[in-house]
Structure formats: structure tokens, C-alpha cells
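In case you want the letters, here they are:
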Amino acid sequence: MTGSRILRPAAALATAATAATVLLGPAPTAAADPALPTPYLLPTPHLLPLPPNAAGTSTLAALNNAGDVLGECYLNAPNQFAPRALRWNAHHLGYTALEPLPGEAGTRPGAMNASGVAVGVSFGTVTDNHPVRWAADGTPTALELPAGARGGGAYGINDAGVVSGYSYDAVFRSVPVKWRADGTRVALPLLDDDDTGSTTFINDAGYVLGWSERRLSGEPRTRTVIWSPSGDVTALPLPPGIAAAGARGITDAGLILGAGQREGSTDVDRVVVWAADGTVRDIGYGRPSSVNSANTIAGAAFDAAHSQHAARWGPDGTQTLLSGPAGKQSTATGINDVGTTVGFAEGPDWQHSTALLWRHDGTAVSLPPSPLSPYAQASLVNDAGVIAGHAIQPGVAGQPTLPRAMVWKR
């Protein structure tokens, strides 16, 4: 599954679902799973290379079906914050450094499309960011900001080259922005009486997800919204009993996946689904991560003790718990269009991770770790069965873990 951040930027909101499929829509016929390992043929782990002047950590943001991986590292620059966006390819293990705009110091990734065109942020200082698009060869192009804007960034790009992002003013109040494939900037409206907002995802038909907020006057509120290709903004409704929900992505068929918070609770622990016809339902106690074109959701379900267990939710909303190592909590983080599911399990310290792949029947296979560390997490899987994730070096003396981007491939 191609990635825009964690979830795939997908196609248009579809026509109304039939009564029998109002929640998630029909499931396609099951296909062979190209990443399904035999006991004797596990995919091989490969650490993704880094520039010579990079520190030893790196993270990933997206994976497409061509095997392109988008991520970042940190350069060893004295007294300077110097992240650098990188693009790798799982089949040709070099890297392309995604350079900043002229005169600026660093870059951070946002999203990538099926052609390997990426978007993100170029910055001169930590507070002066500028939205940028990198061509397939890595050439950066500045995306135009509104008059008077101090900065901005780009979060999403679809296969047509349309980009979604935001700009912000001198007091860091953000507003949503879209750029057409030719670079033309389009302002996206907020809901009535709101004064700030941003985008989060864009799909292949140009529908944009994001949020709209009233912060400066009246009763504060934040609502998840969708903008049509023509720029109309609509607030996404909430299911009964849910006080707030944030969108996590949109599928080719128009299903929108979200994570919800119950009224009176501070926990974001409900799986919320908006169907193509705009109806919404709360389908379970858990945390969603990803959804494929068959409308199967991957994530984690919670038990009564709030321990999490990797799970899938089918097109009819039925939950299936996925197996995992005894005594460990687990989560599913990615699922491709043929149902291959990946994720990880962790012990009580949340540092010593085991990367996992789940078969269609829900049984788990441990993925081999890299030579760097016995611990790893799998995050994304594409339709060819390439898996992207991180080798994990556990922290010591209270220090955080140190991730290193990696792939598993045949």
C-alpha cells in the first residue's frame, strides 16, 4: 500500500453505499499474499544507508508500491538542528538526499506519491519553515505561500501531483492550503467562525482531510473536516457518545478512518469509520493504524485492563484479534491491499520490540532482526510484500530508544 505518512492517499469519495454495505462497503475477492512467508523463506532485513555525516538514527514516513521509502536522518552539524529528508528504494539500496531550498539549512519529509515525488518542509531556522516539493530526481521546488505568511509546510501529495499543507502567520496561526500540480496555490476555507486549521491527508481525486478550529473568539472547538476538490468544506459528523474524533486517512472507495474519544473520557480509544455516503459509526474499543482497499482495518484492540492486542476489523466491522508472543502487548501498524498485516510486539518496558507479520488466518510470524540490534518494529507493507520499519536500539539509563530505518524484502 502506498504511503502518505502512515495511510495511503487514495481516490475519491464514492457514491452512496447500499444499505447492505453502508458501513464499509463490499470486500473484493481474496488474492494471493505475496509477502506470506514460508517457514524457510522469511524476507531478508536490510538497514537503509545514511549519508557519511549523519548520526546513527533515522525514521521513515512513507512507502510506495515501487519500493520507494521516504524518511529522514539527522546530520552531525555542531550547534545546529539539521534533519535531512531522504528517499531510499528497497530494490536499490542507495539514498537520495532531499536538499533544502537555496540558503536554508534542513528538510523534513511529509508524504510521497506512487511516482516517488515527495513533499515536506525546508527551513532556515526551526521557526521559519517553507513547503517544498521534491521531484523524482530529488530537485526541490518551493511551494508558494500566501502574502504575509511567515512559513508553512506540506503534509500530503496524491498521484496527480496535487499537494495539501498549511501556512502560518507571524503568531503561528495556521490555515489550510492546497497546491495544484502546476504549483498554483489554492486557499481552503475554514468552518464558519473558525480562525485556524490545517490539512492532514489528500486522496487521488483531490479530497482533503484536516481540521478546523475556533480558538480566538467564542467557545473553543476543533472539528475534523473534509474539503471537496472544488474547495467546499464539510465537518465530519460524530457517532453517538463520541466527543471528538480525528481522521487517520481515506481509502480508494471513500472510507475515512478515524480515532475517537468518548464523552467524559480523555482517552482516544475508539475506532471510528465514516462510510462513503457520509454515515459514521463507532466500531470498537481500540486504536486504528491503517486501512486497505478491501476496507480491512489494522490496529490494536484494548482489553478490560487497557492492554493492547493487534487486531483487524473486517468490512462488516467484525473484529479479529491477531496472535502474538506470550506476555507481550502488540499492535498492527500496516496492511496492504491483499491483507498482509505487519506490526510489532513489546514487553512491559516498551523498548524490546519484535517485528511481526500476520498471515490471513491471524497467526504471527516473527520477522528477522537486523545485524544492528535484536529488536525491530515493522510499520508499513506495500502490495509487492516489501516491509519497512525500524531497527530499535533500546535506550539506557532512562534515555529514549534509537531507531534506524530498515526494510525487509525477498
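The residue numbers shown here count from 1 along each chain, following its written sequence. The model is predicted, so local features are restricted to residues of pLDDT at least 70 and side-chain atom pairs to those at 80 or more, both for listing and for counting; the totals for chains, interfaces and linings are taken over all residues. As a convention, hydrogens and water are excluded, and side-chain values are obtained from all of the structure's heavy atoms.

### Notes on the overall build of the chain
Working step 1: Numbering goes from the N terminus for both helices and strands, where a helix is a DSSP run of H or I of at least four residues and a strand is a run of E of at least two. What the chain contains, in helices and strands, is 0 helices and 31 strands.
Working step 2: Out of the 410 residues in the chain, the part that is buried amounts to 53%.
Working step 3: The contact criterion used is simple: two residues touch if any of their non-hydrogen atoms lie within 4.5 Å. For the chain, the proportion of contacts with a sequence separation of at least 24, taken over those separated by at least 6, is 44%.
Working step 4: To be clear on the numbers: accessible area is Shrake-Rupley with a 1.4 Å probe, and residue cover counts the displayed protein chains and nothing else. When the accessible surface of the chain is split by element, carbon and sulfur atoms take 55% of a total near 16400 Å². Using a 1.4 Å probe on the protein chains alone, a residue whose accessible area is under 20% of its type maximum counts as buried, one over 50% counts as exposed, and one in between counts as partly exposed.

### Remarks on the packing of aromatic side chains
Working step 1: Here is the rule: rings of Phe, Tyr and Trp (six-membered ring for Trp) pair when centre to centre is within 6.5 Å. Planes less than 30 degrees apart are stacked, more than 60 are edge-to-face, and the remainder are tilted. Evaluated as defined, the whole model comprises 4 aromatic pairs.
Working step 2: Here Y166 and Y168 contribute two aromatic rings whose centre-to-centre distance is 6.3 Å and whose plane-to-plane angle is 25 degrees, an arrangement assigned as stacked. Grouping residues by exposure puts Y166 and Y168 together as buried.
Working step 3: Ring centres 5.3 Å apart and planes at 55 degrees place the aromatic pair Y285 and F302 in the tilted group. Taken together, the residues Y285 in strand β21 (residues 280-291) and F302 in strand β22 (residues 297-302) connect sequence positions 17 residues apart.
Working step 4: Given the relative accessible area of 24%, Y285 is considered partly exposed.

### Things to note about the sheet that holds strand β24 (residues 319-321)
Working step 1: Taken in spatial order, the 7 strands line up as β18-β19-β20-β21-β22-β23-β24 in an open sheet, and their pairing is antiparallel. Each having just a single partner strand, β18 (242-250) and β24 make up the two edges of the open sheet. This sheet shows a mean twist of 50 degrees between the axes of neighbouring strands, independent of strand direction.
Working step 2: Here a strand pair is declared whenever DSSP counts at least two bridges between the two strands. Relative to β21, strand β20 (residues 268-274) is paired through 5 bridges, and the arrangement is antiparallel. Paired with W274 across the bridge in β21 is V280. Note on geometry: axes are lines fitted to C-alpha atoms, helical ones only across the stretch in contact, with angles between N-to-C directions running from 0 to 180 degrees.

### Details of the confidence of the model for the chain
Working step 1: What pLDDT conveys is the predictor's confidence in a given residue, as a value from 0 to 100. On average, the chain scores 87 in pLDDT, and the residues at 70 or more come to 89%.
Working step 2: Across residues 1-31, confidence stays below pLDDT 50; counting only partners more than four residues off in sequence or on other chains, it has 114 contacts.

### Some points on the nonpolar core
Working step 1: Judged by nonpolar contacts, the single largest core of 17 residues is most densely connected at V69 and W88.
Working step 2: At the level of elements, β2 (54-63), β3 (68-75), β4 (83-89) and β31 (402-409) are the ones that each hand at least two residues to this core.
Working step 3: Among the nonpolar cores identified, the runner-up in size contains 13 residues, and L209, I242, I250 and W274 belong to it. Joining through side-chain atoms within 4.5 Å is the link that ties buried Ala, Val, Leu, Ile, Met, Phe, Trp, Tyr and Cys residues into a set, and such a set is a nonpolar core.

### Quick notes on the sheet that holds strand β26 (residues 341-346)
Working step 1: With antiparallel pairing, 4 strands are arranged side by side in an open sheet as β25-β26-β27-β28. Because the sheet does not close on itself, it has two edges, and the strands there are β25 (329-335) and β28 (364-366). Taking the axes of each pair of neighbouring strands and ignoring which way they run, one obtains an average angle of 35 degrees across the sheet.

### Overview of unusual backbone geometry
Working step 1: Look at F172: it is not a glycine, yet its phi comes out positive at around 65 degrees.
Working step 2: Positionally, F172 belongs in the loop between β11 (163-168) and β12 (174-179).
Working step 3: Its identity as a non-glycine residue notwithstanding, D193 has a phi of 75 degrees, on the positive side.
Working step 4: Looking at the secondary structure, you find D193 in the loop between β13 (185-187) and β14 (196-202).

### As for the pairing of strand β23 (residues 308-313)
Working step 1: Counting buried positions along β23 gives 5 out of 6 residues, so the element sits mostly inside the fold.
Working step 2: As judged from the 6 bridges shared by β22 and β23, these two strands associate in the antiparallel manner. Opposite G299, over in β23, you have A311 as the bridge partner.
Working step 3: The turn joining β22 and β23, which pair antiparallel and follow one another in sequence, is formed by 5 residues; a positive phi near 65 degrees is taken by H306.
Working step 4: Sheet topology places β23 next to β24; 3 bridges connect them, and they run antiparallel. Looking across to β24, one finds that R312 is bridged to T320.
Working step 5: Connecting β23 to the antiparallel partner β24 that follows it, the hairpin turn spans 5 residues, and G317 within it adopts a positive phi of roughly 90 degrees.

### Things to note about the pattern of salt bridges
Working step 1: One side-chain nitrogen of Lys or Arg within 4 Å of one carboxyl oxygen of Asp or Glu is enough to make a salt bridge. A complete count under the given rule lists 9 salt bridges for this structure.
Working step 2: Across the salt bridge formed by R108 and E72, the nearest N and O atoms sit 2.7 Å from each other. Taken together, the residues span a long stretch of sequence, with R108 in strand β6 (residues 106-112) and E72 in strand β3 at a distance of 36 residues.
Working step 3: Classification of R108 by relative accessible area gives partly exposed; the value is 30%.
Working step 4: Linking R215 and E213 is a salt bridge whose minimum nitrogen-to-oxygen distance equals 3.1 Å.
Working step 5: Overall, the relative accessible area of 45% leaves R215 in the partly exposed class.
Working step 6: What makes E213 buried here is its relative accessible area of 16%.

### What about the environment of A181?
Working step 1: Note that A181 resides in the loop between β12 and β13.
Working step 2: Here A181 falls in the partly exposed class, since its relative accessible area comes to 43%.
Working step 3: Sequence spacing of A181 and V163 is 18 residues, and the spatial spacing of their C-alpha atoms is 7.3 Å.
Working step 4: Not counting residues up to four positions away in its chain, the partners in contact with A181 are R133, A160, G161 and V162.

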